[in-house]
Every structure is written in C-alpha cells, then in structure tokens.
Amino acid sequence: MTSKPASSAALPIAHVVLRILIVVNWLSAVVILALLFLLPNREWILSAFHLSPSPDGDRLILGMRAIAALGLVGIPLNYVLLKRLLAIVETVRAGDPFVAANAMRLQAIAWTLLALQVLGLAIGAIARAVSTPAHPLHLNAGFSISGWLAVLLTFLLARVFAEGALMREDLEGTV
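Worth saying up front: this structure is predicted, and the values here are computed from it rather than measured. (Residues numbered from 1 in each chain as written. Predicted model: local features only at pLDDT ≥ 70, side-chain atom pairs only at ≥ 80, totals over all residues. Heavy atoms only, no water.)

### A word on the overall build of the protein chain
- Looking only at helices and strands, the protein chain has five helices and zero strands in total.
- Mapped from its N terminus to its C terminus, the protein chain presents α and β elements in the order α-α-α-α-α.
- Taking 175 residues into account, the globule formula puts the C-alpha radius of gyration at 16 Å, and the protein chain, at 22 Å, lies well above it.
- Oriented by its inertia axes, the alpha-carbon framework of the protein chain measures out at about 75 × 25 × 20 Å. (Helix = DSSP H or I, 4+ residues; strand = E, 2+ residues; numbered from the N terminus. Rg over C-alpha atoms; globule rule 2.2 N^0.38 Å.)

Okay, here's the thing in structure tokens:
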C-alpha cells in the first residue's frame, strides 16, 4: 500500500539523460574502435602529436593503444551502470523504489563502479609508464578519492535499499 509521491521534473529529465548517455556510450565504442583499427597509422599518430620517430614515440603510441583498448573495456561497464540506473529511475517514477530489485541493482552498480575505478588506476599507470619528459602523456586517470567514496556510498546505499525492502515486506505482512 504505497502512495504515489508528488511528481518531480527530475525523474523525466533523468530518464531522458540516461537514455542519451546509453547511446553516447555506444557511440564512444565506435569512436574508440575507429581510433584503434581504422584511422591512425604510426606516421599519422607521430605527426598528430608532433612526435619524432624514436623508441619513446613508439612506446607512447603503444601506451595510447593500450589505453584505448582499456577504454573499450569501460564501454560495457558503463552500459551496466546506465541500464541499472535507468531501471531504478523507472521504479521511482512508478512510486515503488524500495524493492529488492533496486537493492540488487545498486549492488551491481557498486561493483561496476569498483571495476571502473580499477580500470582508471590501470589507465593512469599506463600513462605514467609511457610518459617521458620529452613526450608527456597527461590524462585525468588514476586514483580518485571521490570515485572511491562513490563506490563505498553505493555499496552502503544498496544495503539501505535492501533493509528498506525487507522492512516494507514485513510491514505489508502485518497489515
């Protein structure tokens, strides 16, 4: 016996934004694949980044290709996250967010965020390994305190939703 909360403009906006982000996620996969396999060759990359042919330049190219490959790993992870968020938004729009399915979705989101944080660490490590003073590779990757806090918060929120769903079931059983 749940009452439907007052309508919020945030829910339809979140729904649309999440749908757009799912499409953008898959488009980014196409772009990464094109960058890995279709467009650049060694000479193109060297000229685009103003690099001279050298072992450092070749190492930098190899590192950028490895980072792009790891970017492809992030695509399905982002998809899992976005689809679970979209399903949660749907239950909130229906006025029934404290269900066991949302607790499981939040748990999956937390694990996905954890995997994305580990992926970011790997990308940052590769960037540091191939970067040289002559050819620095600056990426916004590596350790992120806010990212790790988001992981912890999402695991906690999943637990809160699980407890809320149990309490709701108990309440409905006593009525």
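From this point, the narrative continues.
### Some remarks on the environment of Phe 161
- Its location among the elements puts Phe 161 in helix 5 (residues 145–174).
- Separated by 60 residues in the primary sequence, Phe 161 and Ala 101 have C-alpha atoms spaced 9.2 Å apart.
- If we ignore the near neighbours within four places in the chain, the residues touching Phe 161 are Pro 97, Phe 98, Asn 102, Ala 103 and Leu 106. (Contact = heavy atoms within 4.5 Å.)

### Quick notes on the nonpolar core
- Counting 12 residues, the largest nonpolar core is built from Ile 45, Leu 46, Leu 51, Leu 60, Ile 61, Met 64, Ile 67, Leu 119, Ile 123, Ala 127, Val 130 and Leu 137.
- For this core, the elements supplying multiple residues, two or more each, are helix 2 (42–48), helix 3 (55–93) and helix 4 (100–130).
- In terms of nonpolar packing, the next biggest core, distinct from the first, is built from 10 residues, Leu 106, Ile 109, Leu 113 and Val 151 among them. (Core = buried A, V, L, I, M, F, W, Y, C linked by side-chain atoms within 4.5 Å. Buried < 20%, exposed > 50% of the residue type's maximum accessible area, 1.4 Å probe, protein only.)

### Things to note about the packing of helix 1 (residues 10–38) against helix 3
- Orientation of helix 1 relative to helix 3, taken along the N-to-C sense of each, is 165°, at an axis distance of 9 Å. With respect to their mutual orientation, helix 1 and helix 3 come out roughly antiparallel. Every pair of crossing elements has a handedness; the one defined by helix 1 and helix 3 is left-handed. (Axes fitted to C-alpha atoms, helices over the stretch in contact; angles between N-to-C directions. Parallel < 35°, antiparallel > 145°, perpendicular 65-115°, else oblique. Left-handed = near helix turned anticlockwise from the far one by under 90°.)

### What about the pattern of salt bridges?
- Taken as a whole and assessed by the stated rule, the structure comprises three salt bridges.
- The salt bridge involving Arg 93 is made with Glu 90; its shortest N-O contact spans 3.6 Å. A residue pair is termed a helical-turn pair when its members lie 3 or 4 positions apart in one helix, as Arg 93 and Glu 90 do in helix 3 at three residues.
- For Arg 93, a relative accessible area of 34% corresponds to the partly exposed category.
- Salt-bridge contacts for Glu 163 lead to Arg 159; the nearest nitrogen and oxygen are separated by 2.4 Å. (Salt bridge = Lys/Arg side-chain N within 4 Å of Asp/Glu carboxyl O.)

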